[in-house]
Amino acid sequence: MPVAISNLCVLMGYGQRFSWRAGLTRDRNNMTASETTWVPPSVLERMNEELTKLSAQPTPTPETSKRIRTLREALRTADAAQKPNDGLVEPGMILTVLFTNAARTSTFLLGSRELISLEPSIAVDVYSPSSPLGQALNGARVGDTVCYTPPSGIETKVRVISAEPYSG
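Residues numbered from 1 in each chain as written. Predicted model: local features only at pLDDT ≥ 70, side-chain atom pairs only at ≥ 80, totals over all residues. Heavy atoms only, no water.

**Considerations on the packing of helix α1 (residues 41–55) against helix α2 (residues 62–77)**
The test is simple: Only the contacting stretch of a helix is used when fitting its axis, a line to C-alpha atoms as for every element, and angles between N-to-C directions run 0 to 180 degrees. Think of it this way: any DSSP run of H or I at least four residues long counts as a helix, any run of E at least two long counts as a strand, and we number them from the N terminus. Two helices crossing with the near one rotated counterclockwise from the far one by less than a right angle form a left-handed crossing, whereas a clockwise rotation gives a right-handed crossing. Two residues form a contact once any of their heavy atoms are found within 4.5 Å. Polar here means any residue other than Ala, Val, Leu, Ile, Met, Phe, Trp, Tyr, Cys and Pro, which are nonpolar, and Asp, Glu, Lys and Arg, which are charged; Gly is therefore polar.
One can describe the packing of α1 onto α2 by two numbers: an axis separation of 10 Å at closest approach and a directional angle of 145 degrees. Of the two elements, α1 crosses α2, and the hand of that crossing is left-handed. Together, Leu44, Met47, Asn48, Glu50, Leu51, Leu54 and Ser55 of α1 and Thr64, Arg67, Ile68, Leu71, Arg72, Ala74 and Leu75 of α2 make up the contact between the two elements. When the residues that make up the contact of α1 with α2 are grouped by side-chain class, the tally is eight nonpolar, three polar and three charged.

**Things to note about the packing of aromatic side chains**
Cut-off, in case you're wondering: For Phe, Tyr and Trp, where Trp contributes only its six-membered ring, two rings pair if their centres lie within 6.5 Å, and the inter-plane angle classes them as stacked under 30 degrees, edge-to-face over 60, or tilted in between. Relative accessible area decides the class of each residue, using a 1.4 Å probe on protein chains only: under 20% of the type maximum gives buried, over 50% gives exposed, and in between gives partly exposed. A ring is considered to have a charge above it if a Lys NZ or an Arg CZ atom is located within 6 Å of its centre and within 35 degrees of its normal.
According to the stated counting rule, one finds two aromatic pairs in the structure shown. Measuring from ring centre to ring centre gives 5.7 Å for tryptophan 38 and tyrosine 166, while their planes differ by 80 degrees; the resulting arrangement is edge-to-face. Of this pair, tryptophan 38 sits in strand β5 (residues 37–38) while tyrosine 166 sits in the segment after β11 (156–165), placing them 128 residues apart in sequence. Of the two residues examined, tryptophan 38 and tyrosine 166, each falls in the buried class. Residues phenylalanine 108 and tyrosine 127 carry aromatic rings whose centres are separated by 4.1 Å and whose planes lie at 15 degrees to one another, so their mutual orientation is stacked. Taken together, the residues span a long stretch of sequence, with phenylalanine 108 in strand β8 (residues 104–110) and tyrosine 127 in strand β9 (residues 125–127) at a distance of 19 residues. By relative accessible area, which is 0% here, phenylalanine 108 ends up buried. Seen from the ring of phenylalanine 99, arginine 104 lies directly overhead, with NZ or CZ sitting 4.4 Å from the centre.

Here it is as C-alpha coordinates:
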(Lines give C-alpha, C1' and ligand atoms only; values in the text may rest on other atoms or scores of the structure.)
Protein backbone atom coordinates (compact mmCIF):
# COMPACT_ATOMS: atom_id res chain seq x y z
CA MET A 1 0.00 0.00 0.00
CA PRO A 2 1.55 3.35 -0.98
CA VAL A 3 2.50 5.66 1.81
CA ALA A 4 2.78 9.35 0.97
CA ILE A 5 6.25 10.72 1.41
CA SER A 6 6.96 14.36 1.97
CA ASN A 7 9.96 16.09 0.46
CA LEU A 8 11.65 18.85 2.40
CA CYS A 9 14.22 21.30 1.18
CA VAL A 10 16.28 22.15 4.21
CA LEU A 11 18.62 25.12 4.38
CA MET A 12 21.96 24.04 5.85
CA GLY A 13 24.96 26.01 7.02
CA TYR A 14 26.86 28.01 4.41
CA GLY A 15 23.69 28.45 2.35
CA GLN A 16 23.69 24.87 1.04
CA ARG A 17 20.45 22.98 0.55
CA PHE A 18 19.64 19.32 0.32
CA SER A 19 16.53 17.26 -0.24
CA TRP A 20 15.42 14.81 2.41
CA ARG A 21 12.85 12.05 2.29
CA ALA A 22 11.81 9.53 4.93
CA GLY A 23 9.66 6.40 4.89
CA LEU A 24 8.88 3.56 2.53
CA THR A 25 6.98 3.88 -0.70
CA ARG A 26 5.58 0.35 -0.66
CA ASP A 27 6.27 -3.22 0.28
CA ARG A 28 6.00 -6.19 -2.10
CA ASN A 29 6.91 -9.65 -0.87
CA ASN A 30 9.12 -8.16 1.85
CA MET A 31 10.88 -5.91 -0.69
CA THR A 32 10.75 -2.14 -0.54
CA ALA A 33 10.17 -0.16 -3.71
CA SER A 34 13.86 0.68 -3.83
CA GLU A 35 14.62 -3.05 -4.15
CA THR A 36 12.25 -3.60 -7.08
CA THR A 37 12.57 -2.36 -10.64
CA TRP A 38 9.50 -1.40 -12.64
CA VAL A 39 9.52 -2.69 -16.21
CA PRO A 40 6.86 -2.61 -18.91
CA PRO A 41 5.01 -5.95 -19.15
CA SER A 42 6.33 -6.48 -22.69
CA VAL A 43 9.93 -6.23 -21.42
CA LEU A 44 9.17 -8.75 -18.65
CA GLU A 45 7.82 -11.14 -21.28
CA ARG A 46 10.92 -10.69 -23.48
CA MET A 47 13.25 -11.28 -20.51
CA ASN A 48 11.39 -14.52 -19.64
CA GLU A 49 11.59 -15.69 -23.27
CA GLU A 50 15.31 -14.93 -23.44
CA LEU A 51 15.96 -16.75 -20.16
CA THR A 52 14.04 -19.80 -21.38
CA LYS A 53 16.00 -19.85 -24.64
CA LEU A 54 19.39 -19.39 -22.98
CA SER A 55 18.65 -21.95 -20.24
CA ALA A 56 17.80 -24.56 -22.89
CA GLN A 57 21.35 -24.54 -24.24
CA PRO A 58 23.10 -27.82 -23.35
CA THR A 59 26.50 -26.23 -22.64
CA PRO A 60 26.25 -22.48 -22.09
CA THR A 61 29.32 -20.32 -22.65
CA PRO A 62 30.65 -18.17 -19.78
CA GLU A 63 28.99 -15.15 -21.42
CA THR A 64 25.68 -17.00 -21.65
CA SER A 65 25.95 -18.10 -18.01
CA LYS A 66 26.57 -14.50 -16.99
CA ARG A 67 23.55 -13.33 -18.99
CA ILE A 68 21.38 -16.03 -17.38
CA ARG A 69 22.44 -14.82 -13.90
CA THR A 70 21.73 -11.21 -14.90
CA LEU A 71 18.27 -12.12 -16.25
CA ARG A 72 17.39 -14.17 -13.16
CA GLU A 73 18.31 -11.26 -10.87
CA ALA A 74 16.41 -8.78 -13.04
CA LEU A 75 13.34 -11.03 -13.05
CA ARG A 76 13.59 -11.58 -9.28
CA THR A 77 13.28 -7.84 -8.68
CA ALA A 78 11.04 -6.95 -11.64
CA ASP A 79 7.70 -5.26 -11.02
CA ALA A 80 5.48 -5.09 -14.10
CA ALA A 81 2.28 -4.20 -12.27
CA GLN A 82 0.09 -1.51 -13.79
CA LYS A 83 0.34 1.56 -11.58
CA PRO A 84 -2.86 3.16 -10.27
CA ASN A 85 -3.82 6.59 -11.59
CA ASP A 86 -3.74 8.14 -8.11
CA GLY A 87 -1.37 11.08 -8.63
CA LEU A 88 1.52 9.38 -6.82
CA VAL A 89 4.89 9.66 -8.55
CA GLU A 90 6.58 6.27 -8.76
CA PRO A 91 8.43 4.20 -11.36
CA GLY A 92 6.13 3.28 -14.20
CA MET A 93 4.52 6.72 -14.44
CA ILE A 94 4.64 9.20 -17.31
CA LEU A 95 5.36 12.53 -15.63
CA THR A 96 4.96 16.08 -16.80
CA VAL A 97 6.91 18.46 -14.61
CA LEU A 98 7.56 22.20 -14.58
CA PHE A 99 11.13 23.31 -13.92
CA THR A 100 10.21 26.50 -12.09
CA ASN A 101 13.73 28.00 -12.32
CA ALA A 102 13.63 27.80 -16.13
CA ALA A 103 9.84 28.06 -16.61
CA ARG A 104 9.81 25.03 -18.93
CA THR A 105 8.00 21.71 -18.84
CA SER A 106 9.23 18.23 -19.60
CA THR A 107 7.44 14.91 -20.04
CA PHE A 108 9.24 11.63 -19.35
CA LEU A 109 8.83 8.09 -18.03
CA LEU A 110 10.22 7.36 -14.57
CA GLY A 111 11.83 3.93 -14.84
CA SER A 112 14.98 1.89 -15.31
CA ARG A 113 16.85 3.13 -18.35
CA GLU A 114 18.64 -0.20 -18.82
CA LEU A 115 15.55 -2.38 -18.86
CA ILE A 116 13.32 0.06 -20.67
CA SER A 117 15.89 0.28 -23.46
CA LEU A 118 14.56 -3.17 -24.38
CA GLU A 119 11.20 -1.55 -25.26
CA PRO A 120 11.57 0.34 -28.57
CA SER A 121 7.98 1.65 -28.53
CA ILE A 122 8.64 4.08 -25.67
CA ALA A 123 8.52 7.47 -27.36
CA VAL A 124 9.50 9.68 -24.40
CA ASP A 125 12.69 10.20 -22.45
CA VAL A 126 13.30 7.85 -19.53
CA TYR A 127 14.65 9.16 -16.22
CA SER A 128 15.95 6.73 -13.63
CA PRO A 129 14.41 6.75 -10.13
CA SER A 130 17.98 6.69 -8.79
CA SER A 131 18.97 9.90 -10.62
CA PRO A 132 18.93 13.13 -8.59
CA LEU A 133 15.69 14.20 -10.27
CA GLY A 134 14.14 10.75 -9.91
CA GLN A 135 15.01 10.58 -6.22
CA ALA A 136 13.46 13.98 -5.58
CA LEU A 137 10.25 13.16 -7.48
CA ASN A 138 9.70 9.56 -6.34
CA GLY A 139 6.91 9.62 -3.75
CA ALA A 140 5.71 13.13 -4.56
CA ARG A 141 2.15 13.81 -5.70
CA VAL A 142 0.62 15.89 -8.49
CA GLY A 143 0.85 19.52 -7.39
CA ASP A 144 3.92 18.99 -5.16
CA THR A 145 7.09 21.01 -5.69
CA VAL A 146 10.39 19.30 -4.92
CA CYS A 147 13.98 20.52 -4.89
CA TYR A 148 17.00 18.69 -6.23
CA THR A 149 20.56 19.48 -7.17
CA PRO A 150 21.60 18.21 -10.61
CA PRO A 151 25.25 17.62 -11.53
CA SER A 152 25.51 21.32 -12.50
CA GLY A 153 25.25 22.10 -8.78
CA ILE A 154 22.44 24.63 -9.19
CA GLU A 155 19.46 23.82 -6.95
CA THR A 156 16.37 23.34 -9.08
CA LYS A 157 12.70 23.37 -8.10
CA VAL A 158 10.33 21.09 -9.98
CA ARG A 159 6.53 21.02 -9.75
CA VAL A 160 4.66 17.83 -10.67
CA ILE A 161 1.99 18.78 -13.23
CA SER A 162 0.73 15.27 -14.01
CA ALA A 163 1.52 11.62 -13.24
CA GLU A 164 -0.17 9.05 -15.46
CA PRO A 165 0.48 5.29 -15.55
CA TYR A 166 2.53 4.09 -18.52
CA SER A 167 0.22 2.10 -20.77
CA GLY A 168 2.50 1.17 -23.68
